[in-house]
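Structure at a glance
Spelled out from the first residue to the last, the chains are:
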Amino acid sequence: MMKFIRVDMTTLSSTTTDVPEKYAGLGGRALTSNFVNDEVKASCHPLGRNNKLIIAPGLLSGTSAPNSGRISVGAKSPLTGTIKESNSGGSSSQMLAKMGIKALVIEGMPKGDKFYIIKVAMDGVTIEEAPEKILNGCGNYDAIKILNEKYGDHVGMALAGPAGEYRMPSANISFKDPDGNMRSAGRGGLGAVLGSKKVKGIVIDPTGAGNVPIADPEAFQAASKVFAKALLDHPVAGQGLAAYGTDVLVNILNEAGGLPAHNFTAGRIDHNDNISGETMNATISERGGEGKVSHGCHKGCIIRCSQWYADKQGKYITSGFEYETIWGLGADAGIKSLDAIAYIDRAMDDVGVDSIETAVAVATAMEGGLIPWGDGEAVLKIVKGIAKGEPLSRIIAGGTAIVGKVCGLYRVPVVKDQGIPAYDPRAVKGIGLTYATTTMGADHTAGYCISGNILKVGADLDPLKKDGQIEYARAMQIGTAAVDSTGMCLFVYFGIADNPAGYQALIDMINAQYGISLTSADVDELGKSVLKVELEFNRKAGFTNLDDRLPEFMEYEPIAPHNVVWDFTPEEIDEVMKF
Amino acid sequence: MKITVRLFATFRENREKESTIETAPGTKVEDVVRTFNIPPEDVAIIMINGRGKTLKDVLSEGDVLALFPPVGGG
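A short tour of the structure in this document, coming up. These numbers were taken from a predicted model, which means no experiment stands behind them. (Residues numbered from 1 in each chain as written. Chains lettered and ligands numbered in written order. Predicted model: local features only at pLDDT ≥ 70, side-chain atom pairs only at ≥ 80, totals over all residues. Heavy atoms only, no water.)

Another point: the overall build of chain A. Along the backbone of chain A there are 24 helices and 17 strands. Expressed as lengths along the three principal axes of its C-alpha atoms, the size of chain A is roughly 60 × 50 × 50 Å. Across the 579 residues in chain A, those meeting the buried criterion constitute 66%. In chain A, the share of contacts with a sequence separation of at least 24, taken over all contacts with a separation of at least 6, comes to 70%. On chain A, the mean spot of the 55 positive side-chain charges and the mean spot of the 68 negative ones are 5 Å from each other. (Helix = DSSP H or I, 4+ residues; strand = E, 2+ residues; numbered from the N terminus. Buried < 20%, exposed > 50% of the residue type's maximum accessible area, 1.4 Å probe, protein only. Contact = heavy atoms within 4.5 Å. Lys, Arg positive; Asp, Glu negative; His and termini not counted. Charge placed at Lys NZ, Arg CZ, Asp CG, Glu CD.)

All right, on to the sheet that holds strand S1 (residues 3-8) of chain A then. Backbone hydrogen bonds are what pair the strands of a sheet, in a parallel or an antiparallel way. All names here are of chain A. Spatial strand order, S2-S1-S6-S3-S4-S5: six strands in an open sheet with mixed pairing. The open sheet has two free edges, formed respectively by strand S2 (13-18) and strand S5 (83-88), since each of these has just one partner strand. Sheet twist, expressed as the mean angle between neighbouring strand axes with direction ignored, is 15 degrees. Direction of pairing for S1 relative to S2: antiparallel, over a ladder of six bridges. (Pairing = 2+ DSSP bridges. Axes fitted to C-alpha atoms, helices over the stretch in contact; angles between N-to-C directions.)

Residue and element names in this part refer to chain A. With an omega dihedral of 5 degrees, the bond running from Ala-560 to Pro-561 counts as a cis peptide bond. Mapped onto the elements of the fold, Pro-561 is located in the loop between helix H23 (553-556) and helix H24 (570-575). Unlike most non-glycine residues, Leu-12 shows phi in positive territory, near 55 degrees. Position of Leu-12 among the secondary structure elements: in the loop between S1 and S2. When its relative accessible area of 33% is taken as the criterion, Leu-12 is described as partly exposed.

Once that is clear, we can look at the nonpolar core. The biggest cluster of nonpolar side chains holds 117 residues, and the ones touching the most others in it are Tyr423(A) and Leu455(A). Counting residues per element, this core draws most heavily on helix H13 (residues 355-367) of chain A, at eight residues. Sequence-distant contacts of Leu455(A), that is, excluding residues within four places in its chain, are made with Leu249(A), Ile252(A), Tyr448(A), Ile450(A), Phe494(A), Ile45(B), Val71(B), Gly72(B) and Gly73(B). Formed by 29 residues, the second largest nonpolar core is a distinct cluster that contains Ile71(A), Val125(A), Ala185(A) and Leu190(A). (Core = buried A, V, L, I, M, F, W, Y, C linked by side-chain atoms within 4.5 Å.)

Residues and elements named next belong to chain A. Looking at chain direction, strand S7 (residues 116-121) and strand S8 (residues 124-129) are connected through six bridges and run antiparallel. The partner of Ala-121 across the bridge, within S8, is Gly-124. Between S7 and S8, which pair antiparallel and follow one another directly, the connecting turn spans two residues.

This part covers the side chain of Gln94(A). Residues and elements named next belong to chain A. The topology assignment puts Gln-94 in helix H2 (residues 92-98). For Gln-94, a relative accessible area of 10% gives the class buried. Within polar-contact distance, the side chain of Gln-94 engages the backbone nitrogen of Gly-62 at 2.5 Å. Aside from chain neighbours lying at most four places away, what touches Gln-94 is Ser-61, Gly-62, Thr-63, Ser-68, Gly-69, His-298 and Lys-299. (Polar contact = N/O pair within 3.5 Å; in protein donor to acceptor, adjacent residues only side chain to side chain.)

All names here are of chain A. Packing of helix H6 (residues 217-233) against helix H7 (residues 235-244) brings their axes to within 4 Å, and their N-to-C directions diverge by 50 degrees. Taken together, H6 and H7 sit at an angle that is classed as oblique. Here Leu-231, Leu-232 and Asp-233 of H6 come into contact with H7, specifically with Pro-235, Ala-237, Gly-238 and Gln-239. Looking at the contact of H6 with H7 residue by residue, the class counts come to four nonpolar, two polar and one charged. (Parallel < 35°, antiparallel > 145°, perpendicular 65-115°, else oblique. Nonpolar A, V, L, I, M, F, W, Y, C, P; charged D, E, K, R; others polar.)

All names here are of chain A. Evaluated as defined, the whole model comprises 35 salt bridges over all chains. Put simply, Glu-39 and Arg-6 hold a salt bridge, and the shortest N to O gap is 2.4 Å. Within this pair, whereas Glu-39 is found in helix H1 (residues 28-39), its partner Arg-6 is found in strand S1, the two being separated by 33 residues in sequence. On the accessibility criterion, Glu-39 (27% relative accessible area) is partly exposed. With a relative accessible area of 21%, Arg-6 lands in the partly exposed category. Note that Arg-183 and Glu-322 form a salt bridge whose closest N and O atoms lie 3.3 Å from each other. (Salt bridge = Lys/Arg side-chain N within 4 Å of Asp/Glu carboxyl O.)

Residues and elements named next belong to chain A. Among the ten residues that make up H7, seven are buried, leaving the element largely enclosed by the rest of the structure. Those residues of H7 that fall on the buried side of the exposure criterion are Val-236, Ala-237, Gly-238, Gly-240, Leu-241, Ala-242 and Tyr-244. Contact partners of the buried residues in H7: H6, helix H10 (277-287), strand S13 (292-295) and helix H20 (492-496). Downstream of H7 by one or two residues, Gly-245 has phi in the positive range, about 65 degrees.

We now examine the sheet that holds S13(A). Residue and element names in this part refer to chain A. Read across the sheet, three strands follow the order S13-S14-S15 without closing on themselves; strand pairing throughout is antiparallel. Where the open sheet ends on each side, the last strands, each with one partner, are S13 and strand S15 (316-319). On average, each strand axis in the sheet is tilted by 25 degrees relative to the strand beside it, whichever way the strands run. Relative to strand S14 (residues 306-310), S13 is paired through two bridges, and the arrangement is antiparallel. Its bridge partner being in S14, His-295 is matched across the sheet by Ser-306. In the packing of helix H12 (residues 338-351) onto the sheet, contacts are made with S14 and S15, and the angle to S15 comes to roughly 70 degrees.

As structure tokens, this is what we get:
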């Protein structure tokens, strides 16, 4: 029987029970979103005592299924005020699942200023005062080292960085990866929720954990083999992502005229090859040393889209160096050096802020005159200043919407106060529908319509036309909600989108593990049910269809080179979430 | 007529990333692809002037042709 752990920070105590029946068949996002909708008062202040944070491995996490080590974190978001599921790699998901832990809930908040570490081990949960050394501005890289010394290298971790301690709306939760670096549950400010509960970190000690029980091991192995083959045989999942990382998209979106530049005033840049995935690959290869072109963010990842980006001396700067970060700083904010962007990426990880929200906020601040355009040194200083709580740093860490207000701007690229990432909705219409309608605020991963609009994987739609986009954005959001519940990395989509046997293998693995007989229709229903509870929470929190709109400037400012505006009508947009 | 050809990702291995070539009117994308010794079946994304096209589309004077192998991210 799996365990359901609740930590009450008001009383500094915990309870471990069997999993409530309602949640027994759920995992990942399905579990976190159902729980948040059931238990979090929708009108609560996200940083107040009535918010709750839940961390849950996916349905397949902890098994030998490839790429099943993603973790879901849920709460009401301090950035958007909506429900939030933020998803991350790292080691924690596999560890918790192997320990038989279905979910860890953190609720309440203690009196006083002390910060705590929640330690989860096979023999129970302990709540200890956080070491002084990792507080008041200590970066995540050092904090991980200090906690490794205290608890052992083998433990998993989820940390609030300095930004989380200061409860900044863009604070992430950093999960220790297999190499002692970090991956982030980036979006939506959930690090601030952790910080509000005075939890500096969660330490997971899997010593003594067994294997995840599998009802039909032979069937599981067989399905897992088919699934792995589907991933490895696909040119994107099997080779492209490992070679170039997600940053390969710089050149594709630039060619397509959908790479938002200079705070969303153009769709192309000239310095694309300074910051492209091709250049990153060549730079890492040439420099050698600690650099690695491919790297997995969790044990069992066979796609390996991550990398270690090293400096000229071959010394590690950063990992998980993603397209959206590089786009935001490189194209939207005009920083033309990949090295400069890498140092900022490292600093963002170290202080614990979402690298998308921060990059978009930086570009908005440049338009607002707070930072010179393209000035990487100034941005690095400001990001590092988040650790010290410096005023301008706090404004940037407040997120894009706050920066827009502080600067008196109308061109503020947000939906539900979350920064719009990396793909211009005017030139890639499908993704605009996802941005407008997802329950999460602007989030490309909620329904990655770039796939069928630009990459021609899974569908083939004209990105400048409306045809088919509503149905596509709906289907992608439903499918994503289901995948986010399995613990699978979203990139498995590339391997199974055009491969029915691969998709069936994913379902077969779930069936073999749990001894059930889900069909693809059931998986579809699971996705719909997740979106429905999220929509319900948002309605209770005061959101209506009128919040499902892109920033107005996109309706009247055409974007070059295609000179297109956002032209979906409100009625058309509202069709997306009708199912 | 003159066209510009841009190659990306693995297509850049042992090839110029951008070149301007002289070609006859009526040239199709697949003709250019062959000129560069790229197997047409390896081409996943084709854009002419930033718009999605196919191997059968015909090029015009001054066009910018971009060729990508299967790549993705997110």
